[in-house]
Amino acid sequence: NAGVTQTPKFQVLKTGQSMTLQCAQDMNHNSMYWYRQDPGMGLRLIYYSASEGTTDKGEVPNGYNVSRLNKREFSLRLESAAPSQTSVYFCATRGSNTEAFFGQGTRLTVV
Amino acid sequence: AQSVTQLDSHVSVSEGTPVLLRCNYSSSYSPSLFWYVQHPNKGLQLLLKYTSAATLVKGINGFEAEFKKSETSFHLTKPSAHMSDAAEYFCVVSDFSGSARQLTFGSGTQLTVLP
């Protein structure tokens, strides 16, 4: 009964490197989300997916891409990491008229 | 467009005294509202939710919140603070935007509980 699983938990990248953050859910929810959390700014939406095969930009999409591989998985890719992308990233999932369920987060540092 | 304003970035209370964390929202539709708590280096845990049923909502760990449409507020309260309540709290509004119901977070309120 894992809920929402994010990998990796921690990552250090050099400027310009690329990486993919993985998210998988076993809750059979249609909607999935990627957020970033920065001090004093709450969580800001990067991208979301209302259902398998669809993705939409959120508030802060620049520098990121996403893939909704299937109903379970929603990945976030940084093609060329920048120090401004140092943050904690959260994946979330949500069913109809329910609250969102969050993963444990990925702490990313770009040096 | 929807938005959330948490009126205090930091709140300090003494153990055993009441807690009040303030939240105002704006929404074009009838919103759903949530309070989440985040302990240091942890994920987010749902405290309580309002989804157009009773306006006084009870959550976990003795917290409750009252939806006041006329004031566009959803303040979080607890009668008696415990040391374990020290954490960051987020007020969240859910509304339709784009192709899905989106969640918009407030900037958070850091609660400190003094012995």
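Computed from a prediction, not measured in an experiment: that's the story for all the values here.

Peer 1: When you look at the overall build of chain A in this model, what are you seeing that I'm missing?
Peer 2: Within chain A, the regular secondary structure consists of zero helices and eleven strands. Listing each helix as α and each strand as β along chain A from the N terminus yields β-β-β-β-β-β-β-β-β-β-β. Against the compact-globule benchmark of 13 Å for 111 residues, chain A has a radius of gyration of 13 Å, which places it among compact chains. When its C-alpha atoms are laid out on the principal axes, chain A stretches across 40 × 25 × 25 Å. Counting across all 111 residues of chain A, residues that qualify as buried make up 50%. For chain A, the accessible area works out to roughly 5200 Å², and carbon and sulfur atoms hold 48% of it. Chain A carries 11 positive and 8 negative side-chain charges, and their two centres are separated by 5 Å.

Peer 1: Honestly, the environment of B:Met83 in this entry has me stumped. Any pointers?
Peer 2: All names here are of chain B. Relative to the assigned elements, Met83 resides in the loop between β9 (73–78) and β10 (87–97). Along the primary structure Met83 and Val113 are separated by 30 residues, whereas in three dimensions their C-alpha atoms are 5.5 Å apart. Beyond its immediate chain neighbours, meaning those up to four positions away, Met83 contacts Glu15, Val113, Leu114 and Pro115.

Peer 1: Looking at this structure, I do not really get the side chain of A:Gln85. What am I missing?
Peer 2: Residue and element names in this part refer to chain A. Inspection of the secondary structure puts Gln85 in the loop between β8 (74–78) and β9 (87–94). A residue is classified by how much of its surface remains accessible, and Gln85, at 6% relative accessible area, is buried. Excluding its chain neighbours within four sequence positions, the residues that come into contact with Gln85 are Arg36, Asn62, Gly63, Tyr64, Leu78, Ser80, Leu108 and Val110.

Peer 1: Which parts of the structure should I look at to understand the pattern of salt bridges?
Peer 2: Oppositely charged side chains can form a pair if their charged atoms are brought close together. On inspection of all chains with the given rule, the structure shows seven salt bridges over all chains. A:Arg44 serves as the salt-bridge partner of A:Asp38, at 2.9 Å between the closest nitrogen and oxygen. Here A:Asp38 matches A:Arg44 in class, with each residue buried. Between B:Asp85 and B:Lys78 there is a salt bridge whose closest N-O contact spans 2.8 Å. For the pair shown, B:Asp85 and B:Lys78 are each scored as buried. When salt bridges that share partners are traced, they join A:Arg36, A:Asp38 and A:Arg44 into one network.

Peer 1: Just to check I follow, could you spell out the nonpolar core for this structure?
Peer 2: Nonpolar side chains in soluble globular proteins tend to end up buried together. Of all hydrophobic cores here, the largest spans 26 residues; its most connected members are B:Trp35, B:Leu48, B:Phe74, B:Leu76 and B:Tyr89. When residues in this core are grouped by element, the largest group, four residues, is from β10(B). Sequence-distant contacts of B:Leu48, defined by excluding residues within four places in its chain, comprise B:Leu33, B:Phe34, B:Trp35, B:Val57, B:Lys58, B:Gly59, B:Phe63, B:Glu64, B:Ala65, B:Phe74 and B:Leu76. Ranked by size, the runner-up nonpolar core spans 20 residues in total, among them A:Leu13, A:Met19, A:Tyr47 and A:Leu108.

Peer 1: Just to check I follow, could you spell out the packing of aromatic side chains for this structure?
Peer 2: Scanning the entire structure with this criterion turns up 14 aromatic pairs over all chains. Geometrically, the ring pair formed by A:Phe102 and B:Tyr36 is edge-to-face, given 5.4 Å between the ring centres and 85° between the ring planes. Of the two residues, A:Phe102 is situated in strand β10 (residues 100–102) and B:Tyr36 in strand β5 (residues 32–38); the pairing between them involves two chains. A single burial state applies to A:Phe102 and to B:Tyr36, both of which are buried. Ring geometry for B:Tyr50 and B:Phe74: centres 6.4 Å apart, planes at 50°, overall tilted. Of this pair, B:Tyr50 sits in strand β6 (residues 45–50) while B:Phe74 sits in strand β9; the two residues are 24 residues apart in sequence, bridging distant segments of the chain. For B:Phe74, a relative accessible area of 0% translates into the label buried.

Conventions and cut-offs
Residues numbered from 1 in each chain as written. Chains lettered and ligands numbered in written order. Predicted model: local features only at pLDDT ≥ 70, side-chain atom pairs only at ≥ 80, totals over all residues. Heavy atoms only, no water. Helix = DSSP H or I, 4+ residues; strand = E, 2+ residues; numbered from the N terminus. Rg over C-alpha atoms; globule rule 2.2 N^0.38 Å. Buried < 20%, exposed > 50% of the residue type's maximum accessible area, 1.4 Å probe, protein only. Areas by Shrake-Rupley, 256 points an atom, 1.4 Å probe, with all protein chains shown as cover. Lys, Arg positive; Asp, Glu negative; His and termini not counted. Charge placed at Lys NZ, Arg CZ, Asp CG, Glu CD. Contact = heavy atoms within 4.5 Å. Salt bridge = Lys/Arg side-chain N within 4 Å of Asp/Glu carboxyl O. Core = buried A, V, L, I, M, F, W, Y, C linked by side-chain atoms within 4.5 Å. Phe/Tyr/Trp six-rings, centres within 6.5 Å; stacked < 30°, edge-to-face > 60°.

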